[in-house]
Structure formats: C-alpha cells, structure tokens
Amino acid sequence: MSAASCLRSEDQFLCSICLDVFTDPVSTPCGHNFCKNCITENWNINDQYLCPMCKTVFHTKPELHINTLLNEVVSQFRQEAQQKASSSSSEQQTAKPGEVPCDVCTGTKLKALKSCLVCLTSYCETHLELHLTVSGLKRHQLMDPVENLEDRMCMKHDKPLELFCKTDQTCVCMLCSVLDHKTHEFVPLKEEYEGKKAELGKTEAEIQQMIQKRELKIQEIKQSVDLSKEDADREIAEGVQVFTALKESVERSLNELIETNEEKQRTTEKQAEDLIKELEQEISELKKRSSEVEELSRSEDHLHLLQNFPSLKAAPPTKDWTEVSVRPPSYEGTVVRAVTQLEETLSKEMKKLFEAELKRVQQYAVDVTLDPDTANPHLILSDDEKRVNCGDVVKNLPDSPKRFTRYVSVLGKQSFSSGRFYFEVQVKEKTDWALGVVRESIKRKGEITLRPQDGFWTICLRNGNEYKARNSPSVRLSLKSQPQKVGVFVDYEEGLVSFYDVDAAALIYSFTGCSFTGKLYPYFNPCINDDGKNSAPLIICPVNQTA
C-alpha cells in the first residue's frame, strides 16, 4: 500500500473536536476517542458532561486515562508521515529567509505551501496532504502561508478568530460572541472581509487617482520649468545678440572716432612739418648770405667789395610767410555724431526686440467682449459687443452694483485670475480714451481715481496729444508716434501689465511689481463725445500676430 493511500485511510486518527491528529488520546466510557486537552476543555465550558460524538450524558465527570494502544498507533502514524516528509524533502524547497517554514517539519524546515486557519499551522507539500485528502480536514480554511498564526487566535479563549463584531469593530471567536458580545451584531470574517476589501478597492482607486493627479502635477511643474528654461535661454540669446551688436557698434564707432581724429592730427602734423622744413631751408640760405655779407663787409679790398656788392646787397629770394599758418582742425561734434550713430543702432536693435516681444505676448491673445451690465448709460455698444463710444443720450438702464454711473466706462465680460492674457484695442481718430485692466472690487459709483492702489492699471490719452500712465503719481509718456492700435498684456503671477503700440511694435509703458488679488477685468473708457471731436469708438480687434 502506498503512503498516500495509507494516509487516506486514517480518518480514525483525527480528533472530532480539533480535527487534527490525536495528541494524548483518551477514551470516554461510551467508547469514543478525543485529545485529552480537547475533551477536558469541552467539559470545562459546558454545564454537563456529554460525549461530543454520541451526545451521551455522564452524571459525573469520567476519569480519563490515555489510551496507550491508540497512542502507540498514532505515534507510529506520525513516524510514517515524518518518514514520508523526510523522503520527499529533497524534492521540495527548503524555506529561505523571509519565507514561511512548515511548522510540522523537524530538522530542516521546508517551505510552507499553505497555512490552516483552523489548525493555526503552516504546512509543506507533504504535511499538507492530510488537509487535501481527509474529509474532516478538507473543511478547514486554507490560505497562502503566513507567519504568526497565533495572532489569529483569541487571546482570551484560545479559539480561532472566526467572527467580526460590527458593534465593536473587532475580530472575535465563537465563545466571544456568546460570552462577551451577546447583544452585538456579528458577521462571518469572510463577509466583513469582502466588504472591507471592496472599501480598500475604492481607497486604492482613490489613491491611484491621487497619484495620477500628482504625477500629472509633476509633469506640469517640469513642463513649466522647461518652458521657463526655454524662455530664459531665448532671452539670454537675444540679450547676447543685442549687446554683442551694441558692443561691436561701440567699438567700431570708437575706433572710427579715434582714427578720424588721429588722421586729422597726422594731416596737421604733416602740413606743419612741410612748412617747417621749407622755413628751415630759407633760414639756411639766409644764414649763408648773412655770412657772405658779413665777410664782405670786413674786406679791406676795395676792388673785391665793389665787384661782389651787386650780388650780396639784397637778401636772397624767399617766400612771403605773412599769411601762412597752421590752423588746427575742428574736433567739435565728432563724439556727438558717434553717439548719435549709436543711438540709431540702439533704436534699430530695440525695435527688433520689441517686435519679438510683441510677437510672443500676442500668443496669449484672448477673445474679449464688452459687458452691457457694467456699461455707463451714456455708452453705445455694438451688437457684437466689440465697439463702444459715448453718445449724447442717456439710456434708461436698471442700476446695479456692477454698472458705472459717473464715468463713461465699461468692463469686459471675461475675467482672469491666473496666467497670461492679451487683447488689442483700436484707438484711431480719438482725442481722449483710457484702457487697461481693473480689479473686480473697484469703485463704480461717484468719483473714481484711476490708480493701482484703487485697483486700476491704465494708460490714457487727453486732449489729443497728452499720453499718461495712471500710476501714483501719473507718468507723462513721450511717444514718437500716436498709437492707432494698443495691445494690453497681463502676466498675473508676475504682476505685470504692459501696453504696446501694435503698429510701431513699440512698448508704451509697463506696470511692474503689481499685487493682483481676485479677478481682473479688461477696462474701456472711450471718454465723452466732445461735440463729435471724440465720437470714434474704441474697437476690440482680432489679434493678427506680427510676421
């Protein structure tokens, strides 16, 4: 008979209470066998002494003695099982550090395949066979091997934790449910396990969603850093290009200035040298004639003096030096002209920079429309809410906290509380206007001061030629040309509001270091009609990015 078939025929070696192989088997007067400790505890917790198998009641507690024959058979059975385990141990894996060992193996511990929640024991392949073949043990609950199975026993009653007390939210044994939690609500561990497992599934899904959101946020932050680096590199490259060109221009202008002045000086020196040489030649001739005259004048030879007198009586022919002079060249204006050329070069480079900057900010163009609910009753808005001008007739409109009542102003419908945005407004043929952005909480009734501390970041035109940035105090702007179309750019986080002359691709003015809180709205003020002189509308234009 094979070992497996032998094991399968040994149901008689199992205690009907613990469903495990007998330990110190004893026999009751009715002839049934149990582990001595199992039957003793059974009788200790019951009011009467009865046989768990046949329910025979004993009026007095029977005196129990170990069944020596059965004990010897059980011992032999254990030895045979151990021998089989030893013979197959070479084919099974030895438990490694971190793996659960078999609790039954003696000597070399083999790797456990399953743990029994009833026996609170972990079994290798060989010792697990009983639980797979013996009918009583088949009912035991097996699970993947775990350590510390004693933690699955009730500390008070030494019974398996099989129930979950929903009242106290704790695991209990069968005795706990009868003795300590009588009125509580219980469910099997498996039922509570399924519920909690479902909750964990939801928690896991929520955690995964949180992880995904944070991973996306990391990507967003990295992309922001990458974009920042691209912007920084671009600005540095442009700066290097511009300042290199300026440096070369300065060096070139300086070299030209030095060369021009040095050439003038060389020309002057050459002219002087030629004149001095000519004068020195005449001096030499004159000195020679002077010597001859002096020598002749000392002669005592009458005939000699008279013969040579005609040739020496007059000075040798010389140049008339009266009007001859060396006039220093004019150096005035050379530095001014050089600086003027630099200004022209700088102006060209600045124009290139502003064109590039305007092209970049135009990428943040947004569609802005006028909000009729905020418009002063004097204002006339187009049907598409893109044009506004001041009329002579006051419309009968319902007053509201949003509406401007004294100043002929109107806000855009769109609000912005983060990021960057840009829009363009045509101001052509107007003599007065104001544009910019405002905080949502600005004053809209009565006297209003357009300044940053009151929530206004604007520029304006007055009297057809007076441009101002409404700062604190106002800044008068000197513009080379009158803007026909004004671009407004806002970087919320940077605290920046910039105004551009779109056609000239020039910066008009920038508010920097602004402190923005809450929503910002585009602001438009076409100013009063002024008897038709300022009747042209402010027009919100589509943004055509510069080439």
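Scroll up a little and you will see the structure.
Residues numbered from 1 in each chain as written. Predicted model: local features only at pLDDT ≥ 70, side-chain atom pairs only at ≥ 80, totals over all residues. Heavy atoms only, no water.

Draft legend 1. Local environment of the sheet that holds strand S18 (residues 475-477). If you trace the six strands from one edge of the open sheet to the other, you get S13-S22-S15-S16-S17-S18, paired in antiparallel fashion. Strands at the two margins of the open sheet, each flanked by one partner only, are strand S13 (410-411) and S18. As paired elements, strand S15 (residues 433-439) and strand S22 (residues 520-525) share six bridges and run antiparallel to each other. Within S22, the position partnered with Leu435 by the bridge is Phe524. (Pairing = 2+ DSSP bridges. Helix = DSSP H or I, 4+ residues; strand = E, 2+ residues; numbered from the N terminus.)

Draft legend 2. Representation of unusual backbone geometry in the model. Cis geometry is found at the peptide bond from Ser472 to Pro473, where omega equals 0 degrees. Relative to the elements of secondary structure, Pro473 occurs in the loop between strand S17 (466-469) and S18. Of note in this structure, Glu429 is not a glycine but carries a positive phi near 65 degrees. What makes Glu429 exposed here is its relative accessible area of 63%. Phi angles above zero are rare outside glycine, and Asp531 is one such case at about 55 degrees. With respect to the element layout, Asp531 can be found in the loop between S22 and strand S23 (538-541). Of the residues examined, Asp531 reaches a relative accessible area of 79% and is grouped as exposed. (Buried < 20%, exposed > 50% of the residue type's maximum accessible area, 1.4 Å probe, protein only.)

Draft legend 3. Representation of the pattern of salt bridges within the structure. If you walk through the whole model with that rule in mind, you get 27 salt bridges. Between Arg360 and Glu238 there is a salt bridge, with its nearest N and O atoms 3.2 Å apart. Here Arg360, found in helix H9 (residues 334-361), pairs with Glu238, found in helix H7 (residues 189-297); they are 122 residues apart in sequence, far enough to count as distant. A single burial state applies to Arg360 and to Glu238, both of which are buried. With its nearest N and O atoms 3.5 Å apart, the salt bridge here joins Glu466 to Arg476. Taken together, the positions of Glu466 in strand S17 and Arg476 in strand S18 put the pair 10 residues apart, joining distant regions of the chain. Under the relative-accessibility criterion, Glu466 is labelled buried at 18%. Through salt bridges that share partners, Asp231, Arg234, Glu235, Glu238 and Arg360 make up one connected network. (Salt bridge = Lys/Arg side-chain N within 4 Å of Asp/Glu carboxyl O.)

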